[in-house]
Amino acid sequence: MKYTRVPKKTWNTKQVKGGMLIKCPQCGLCYMDNNTVEQKVHIKYHKTAVEGINVGSRTQVESFGKTIEKFLISPGEYALIIEANNESRRTQRIVEQVLSVADLVLNSQDHAKHWRLKEARNGKVFVCIYKARVIGICSTETPQIGSWMIAGSNIIIPNKELRLPVGIDRIFVIEVFRRRGIATKLLNAVTSNSFYRIKLKPYQIGWSQPSHFGELLAKKYSGVVHPRSGLILIPVYKQENI
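Residues numbered from 1 in each chain as written. Predicted model: local features only at pLDDT ≥ 70, side-chain atom pairs only at ≥ 80, totals over all residues. Heavy atoms only, no water.

Student: Whenever I open this one, helix α1 (residues 36-51) confuses me. Can you help?
Tutor: Along an α-helix, residues three or four apart share an orientation, since each turn contains 3.6 residues. In this model, α1 (16 residues) spans 24 Å end to end at C-alpha, consistent with the 22 Å of a helix rising 1.5 Å per residue. Taken as a whole, α1 carries its principal kink of about 45° at Tyr-45. Among the residues making up α1, those that are buried are His-42, Ala-49 and Val-50. Contacts from the buried residues of α1 go to β3 (30-32) and α3 (89-106). Capping the start of α1 is the job of one residue whose side-chain oxygen sits 3.0 Å from the backbone nitrogen of Val-37: Asn-35. Among the residues trailing α1, Gly-52 stands out with phi positive, at a value near 90°. (Helix = DSSP H or I, 4+ residues; strand = E, 2+ residues; numbered from the N terminus. Expected span 1.5 Å × (residues − 1). Bend = angle between axes of the 7 residues up to and from the residue. Buried < 20%, exposed > 50% of the residue type's maximum accessible area, 1.4 Å probe, protein only. Contact = heavy atoms within 4.5 Å. Polar contact = N/O pair within 3.5 Å; in protein donor to acceptor, adjacent residues only side chain to side chain.)

Student: Whenever I open this one, the packing of aromatic side chains confuses me. Can you help?
Tutor: Geometrically, a pair of aromatic rings is defined through the distance of the ring centres and the angle of the planes. Throughout the structure, instances matching the rule amount to 1 aromatic pair. Ring centres 5.5 Å apart and planes at 70° place the aromatic pair Tyr-130 and Phe-177 in the edge-to-face group. One end of the pair, Tyr-130, is in strand β7 (residues 125-130); the other, Phe-177, is in the loop between β11 (166-173) and α4 (182-193), with 47 residues separating them in the sequence. Between Lys-70 and the ring centre of Tyr-78, over which it is positioned, the NZ or CZ distance is 5.1 Å. (Phe/Tyr/Trp six-rings, centres within 6.5 Å; stacked < 30°, edge-to-face > 60°. Lys NZ or Arg CZ within 6 Å of the ring centre and 35° of its normal.)

Student: Where do I start with the environment of Asp-33 in this structure?
Tutor: Position of Asp-33 among the secondary structure elements: in the loop between β3 and α1. Placed 10 residues apart in sequence, Asp-33 and Lys-23 show a C-alpha to C-alpha distance of 10.0 Å.

Student: When you look at the pattern of salt bridges in this model, what are you seeing that I'm missing?
Tutor: Charged atoms that come close allow side chains of opposite charge to pair. Following the criterion strictly, the structure yields 7 salt bridges and no others. Between Glu-69 and Lys-185 there is a salt bridge, with its nearest N and O atoms 2.8 Å apart. Of the two residues, Glu-69 is situated in strand β5 (residues 65-74) and Lys-185 in helix α4; the sequence distance between them amounts to 116 residues. The class for Glu-69 is partly exposed, based on a relative accessible area of 27%. Lys-185 sits in the partly exposed class, given a relative accessible area of 22%. Residues participating in the shared-partner salt-bridge network are Asp-103, Asp-169 and Arg-170. (Salt bridge = Lys/Arg side-chain N within 4 Å of Asp/Glu carboxyl O.)

Student: What's the story with the packing of α1 against α3 in this structure? I'm lost.
Tutor: Helix packing for two helices is described by the angle between their axes and how far apart those axes are. It is the contact of α1 with α3, at a shortest axis distance of 11 Å, that shows an interaxial angle of 115°. Between α1 and α3, the angle falls in the class roughly perpendicular. In the packing of α1 onto α3, the handedness of the crossing is left-handed. Here Val-41, Tyr-45, Thr-48 and Ala-49 of α1 lie close against α3, whose contacting residues are Val-101, Leu-104 and Val-105. Partitioned by chemical class, the residues of the contact of α1 with α3 number 6 nonpolar, 1 polar and no charged. (Axes fitted to C-alpha atoms, helices over the stretch in contact; angles between N-to-C directions. Parallel < 35°, antiparallel > 145°, perpendicular 65-115°, else oblique. Left-handed = near helix turned anticlockwise from the far one by under 90°. Nonpolar A, V, L, I, M, F, W, Y, C, P; charged D, E, K, R; others polar.)

Student: Please explain the nonpolar core as it appears in this structure.
Tutor: Inside soluble globular proteins, nonpolar side chains tend to come together where they are buried. Membership of the largest hydrophobic core comes to 56 residues, with the highest contact counts inside it found for Phe-64, Ile-171, Phe-177, Ile-182 and Trp-207. Counting residues per element, this core draws most heavily on α3, at 7 residues. Those residues within four positions of Ile-182 in sequence are excluded, and the remaining contacts are Phe-71, Ile-73, Cys-128, Ile-135, Val-173 and Phe-177. (Core = buried A, V, L, I, M, F, W, Y, C linked by side-chain atoms within 4.5 Å.)

Student: How do you make sense of α3 when you look at a structure like this?
Tutor: If you check α3, its first and last C-alpha atoms are 25 Å apart, about what 18 residues at 1.5 Å a residue would give, namely 26 Å. On its buried face, α3 sits against α1, β4 (53-54), β6 (77-84), β7, β8 (133-141) and β11. At the exit of α3 stands Asn-107, carrying a positive phi of roughly 55°.

Student: Explain unusual backbone geometry to me, please; I cannot follow it from the model alone.
Tutor: The phi angle of most residues is negative, glycine excepted, and most peptide bonds adopt the trans form. For Lys-131, which is not glycine, the phi torsion reads 50° and is therefore positive. Mapped onto the fold, Lys-131 is located in the loop between β7 and β8. A positive phi angle, near 60°, is found at Asn-159, a position not held by glycine.

Student: Explain the pairing of β11 here, please?
Tutor: Both faces of the sheet carry side chains from a regular strand, because those side chains alternate between them. In terms of burial, β11 is largely enclosed, as 8 of its 8 residues are buried. Pairing of β8 with β11, which is carried by 6 bridges, proceeds in the antiparallel orientation. Paired with Ser-139 across the two strands is Arg-170, which belongs to β11. Note that β11 and strand β12 (residues 205-207) share 3 bridges and pair parallel. Directly across from Val-166, in β12, lies its bridge partner Ile-205. You can see the chain leave β11, run along α4 and come back into β12, and the turn it takes is right-handed. (Pairing = 2+ DSSP bridges. Right-handed = clockwise from strand over helix to strand, strands pointing away.)

Next comes the structure, spelled out in structure tokens:
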């Protein structure tokens, strides 16, 4: 099986107290050059973060969940957007592996696990699978109540609560497959498949503690322009309120 060749990139380093902070240009993981534990974590997850996690045979891909979309990812080659089957133990295990890698690369707190429960109100997981490997993932939850945040700042608009039927807990695409519209396709799957026969508007999707790049995506996908100030507002929520 062939995989997309990873272009050579220069290593990103930053001098910090006690050593050198290194960011791998291929997988995006950060670690200290003098910390053997962090180095071992990088070695363990590097290949997975670059190539994605193997789902298995064609039959196992088909049983991974419900196919939402099939799209052309490169000349003559297709990828799938799939809603993960939360009742399958095997699917649960693979999804947990992918989300753990996303946590490491994004340097974020542990992901939510509501999606593993059967009720739709607990959220869902959508993945992008290419050549039997998960290369992108989006997990959701149901925050109910959120706020508007001014894009590019941490300023929350006071006294302006909004109803949020869906929140983005994690959205992640492995480095080599970014800038191909995969994140947008995952979000489109969220808007169209979170509830039966209901299509959500992008501004009805909330974002929890987005990273810098996550905020850029949130601004592009869910942002709305304030009619008076012209500022772009992003719907956000606090996970502790769920």
